[in-house]
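# Notes for the structure review
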Amino acid sequence: MNLADNLFQCRQIFQCAMTTLGFSLTEEKICEISQLIIDGMGGKWRSFHTFEHILMLSKTTEPLISLAGLFHDLIYLQVDENIPFNLTSYVNPFIIEKEGSFFIKSSIDYQDKCFSIILQIFDFNLGDKLLAVKGQNEFLSALIASQILQPYLPLSLITRIVTIIELTIPFRKSKEKNKTIPQQLQNRLEIVNKNFNLGLTQEEITLTIIQAVKLANLDVSGFASDDVEDFVKNTWLLLPETNHCLYETQKYSLQDYRFALVNTTKFINFISPDLVFHRYHNEPNIDTFQELITRCENNLHIVRIYLEIKLVSIAILEALSSRFYPPMTLSFFWNPHPDNNFPHASIFDFLPSVSGYQPQNNQEKIILDLFSCKSSSNLFPDVNHSLFCLFIINHLSLQGFQQYSSQCYHFFNGQLTAEKFLSIFPPSLISIVSNSIEQLLEHQKGLIISVDDLS
């Protein structure tokens with residue numbers, strides 16, 4: 001969809017939600033607020049946390065979920081690197097930036113009930129440093145949502161919306177041993193309801209947490225996709241969001257790509273299904289919840305092996321490239337954008353054909369299919385890396401990768417030299433890849449000489 005389509009969809013969802021709640025805004029005001037949302041979601045580095053993502057979350061018949069969905073990803077500092085300028089006026093009275101980090105101000109010039117409520121719902125205090133892993137983005141998004149909606153909705157509804165947004169903070173461990181995260185959020189909402197005389201009934205409080213669970217689970221629903229390829233695609237969309245160099249397809253180095261890959265692998269290794277999905281008051285029901293957990297567990301297991309193979313193969317290339325000077329960009333090996341006027345070759349032109357590895361079980365078949373299909377985004381040439389992985393798999397077999405993956409980190413951390421790292425692999429494999437790189441270099445050198453002669 002283009003920006004005009006996004007704006008139209010946003011206006012429709014926002015207006016429908018407000019009307020369903022019994023509040024009407026002028027067409028001009030609906031357009032103005034919708035534009036703020038679209039602008040906030042339009043950062044140039046965003047590839048997963050886009051308007052299309054929040055559109056998927058906001059298309060619901062429950063208006064509070066729709067509004068929370070529209071606002072919950074408004075701020076994403078790890079991706080956008082700053083708060084969009086047209087949203088800064090909503091946070092400036094409450095937030096201060098110091099040395100590249102954001103802090104809640106130690107004192108506020110005036111009393112703002114919305115802000116005080118959000119502090120308690122998010123379990124923050126004046127003077128706290130905001131951290132990405134502790135709800136920084138969701139807190140700022142909820143704060144902006146409250147300031148935008150304050151003139152049009154009662155405090156009780158705004159409180160429910162920011163409570164729903166709070167539960168979209170992902171991958172948290174419970175602070176209290178015998179209470180789930182939704183139960184702890186319910187307790188904070190009950191305290192806020194009492195302290196600020198919001199007049200919410202227990203039924204409304206329970207419904208709010210149920211709605212929060214619905215949005216939070218939908219937000220991370222990709223982890224439980226019944227098609228692991230979809231999960232891989234989403235993982236790959238996240239990669240360049242926090243590794244902006246990967247947008248420069250022709251420029252980023254092997255080390256840039258490997259650094260992004262290592263961080264993604266660490267993140268996936270940290271995640272467990274119980275940190276992904278919530279359950280509260282039979283939402284979702286036990287059978288659905290168990291299905292989510294099972295599919296998530298399966299997807300994480302497959303993707304860990306997938307990333308392990310990626311790391312081993314890129315480590316081999318990185319170690320071999322250290323034999324040559326100057327350092328090479330990753331695109332040098334892949335030829336991601338062939339040009340008929342300048343026929344740049346790729347490493348695949350010099351690697352020998354080998355018999356394809358035959359999967360030993362269904363899991364191996366799924367993994368091979370992931371490398372065989374074009375399941376990555378078009379932001380950088382990962383398809384070619386997948387083809388190179390297949391070449392390595394044909395030499396090592398899938399069972400052989402685990403013994404090599406732990407050694408990769410020793411190489412990355414400098415505990416193993418490049419040559420020592422390469423020595424743990426079959427010499428025939430290293431010789432084949434090294435010779436192919438040499439031939440590729442000679443080919444490119446010949447092309448450059450030919451162009452010089454023509455000029």
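For the structure itself, look to the data block above.
Description of the structure in this document.

What counts as what
- Residues numbered from 1 in each chain as written.
- Predicted model: local features only at pLDDT ≥ 70, side-chain atom pairs only at ≥ 80, totals over all residues.
- Heavy atoms only, no water.
- Core = buried A, V, L, I, M, F, W, Y, C linked by side-chain atoms within 4.5 Å.
- Buried < 20%, exposed > 50% of the residue type's maximum accessible area, 1.4 Å probe, protein only.
- Helix = DSSP H or I, 4+ residues; strand = E, 2+ residues; numbered from the N terminus.
- Contact = heavy atoms within 4.5 Å.
- Axes fitted to C-alpha atoms, helices over the stretch in contact; angles between N-to-C directions.
- Parallel < 35°, antiparallel > 145°, perpendicular 65-115°, else oblique.
- Left-handed = near helix turned anticlockwise from the far one by under 90°.
- Nonpolar A, V, L, I, M, F, W, Y, C, P; charged D, E, K, R; others polar.
- Expected span 1.5 Å × (residues − 1).
- Polar contact = N/O pair within 3.5 Å; in protein donor to acceptor, adjacent residues only side chain to side chain.
- Phe/Tyr/Trp six-rings, centres within 6.5 Å; stacked < 30°, edge-to-face > 60°.

What follows is about the nonpolar core. Among the nonpolar cores identified, the biggest contains 74 residues, and Phe14, Phe71, Ile95 and Phe139 are the most heavily contacted of them. Sorting elements by how many residues they give to this core places helix H8 (residues 136-149) first, with eight residues. Excluding residues that lie within four positions of it along the chain, phenylalanine 14 makes contacts with Leu25, Ile30, Ile33, Ser34, Leu67, Leu70, Phe71 and Leu149. Listed in part, the 73 residues of the second largest apolar core include Val228, Val276, Phe289 and Leu317.

A few words on the packing of helix H1 (residues 3-21) against helix H3 (residues 51-58). Their axes nearest at 11 Å, the elements H1 and H3 cross at an angle of 25°. Between H1 and H3, the angle falls in the class roughly parallel. Crossing hand, H1 versus H3: left-handed. Across the interface between the two elements, Asn6, Gln9, Cys10 and Ile13 of H1 pack against Phe51, Glu52, Leu55 and Ser58 of H3. Of the residues belonging to the contact of H1 with H3, the class tally is four nonpolar, three polar and one charged.

Moving on: helix H15 (residues 286-321). Taking 1.5 Å of rise per residue, 36 residues should cover 52 Å, and H15 covers 52 Å from first to last C-alpha, within 8% of that figure. Among the residues of H15, the N-terminal cap falls to asparagine 285, whose side-chain oxygen and the backbone nitrogen of aspartate 287 are separated by 3.1 Å.

Here we come to the packing of helix H7 (residues 113-121) against helix H10 (residues 181-195). Axis separation between H7 and H10 bottoms out at 9 Å; the angle between their running directions is 150°. As far as their axial angle goes, H10 and H7 are roughly antiparallel. Remark: the crossing between H7 and H10 carries right-handed chirality. Residues Ile117, Gln120 and Ile121 of H7 touch H10, and the partners they reach there are Leu185, Arg188, Leu189, Ile191, Val192 and Asn195. Of the residues that constitute the contact of H7 with H10, the class distribution is six nonpolar, two polar and one charged.

Ring pairs (aromatic) are described by centroid distance and by the angle formed between their planes. What the rule picks out here adds up to 16 aromatic pairs. Each ring, one from phenylalanine 411 and one from phenylalanine 412, has its centre 5.7 Å from the other, and the planes form 45°; the classification is tilted. Under the relative-accessibility criterion, phenylalanine 412 is labelled buried at 14%. By the ring-pair criterion, three or more aromatic residues cluster together here, those being Tyr404, Tyr409, Phe411, Phe412, Phe421 and Phe425.

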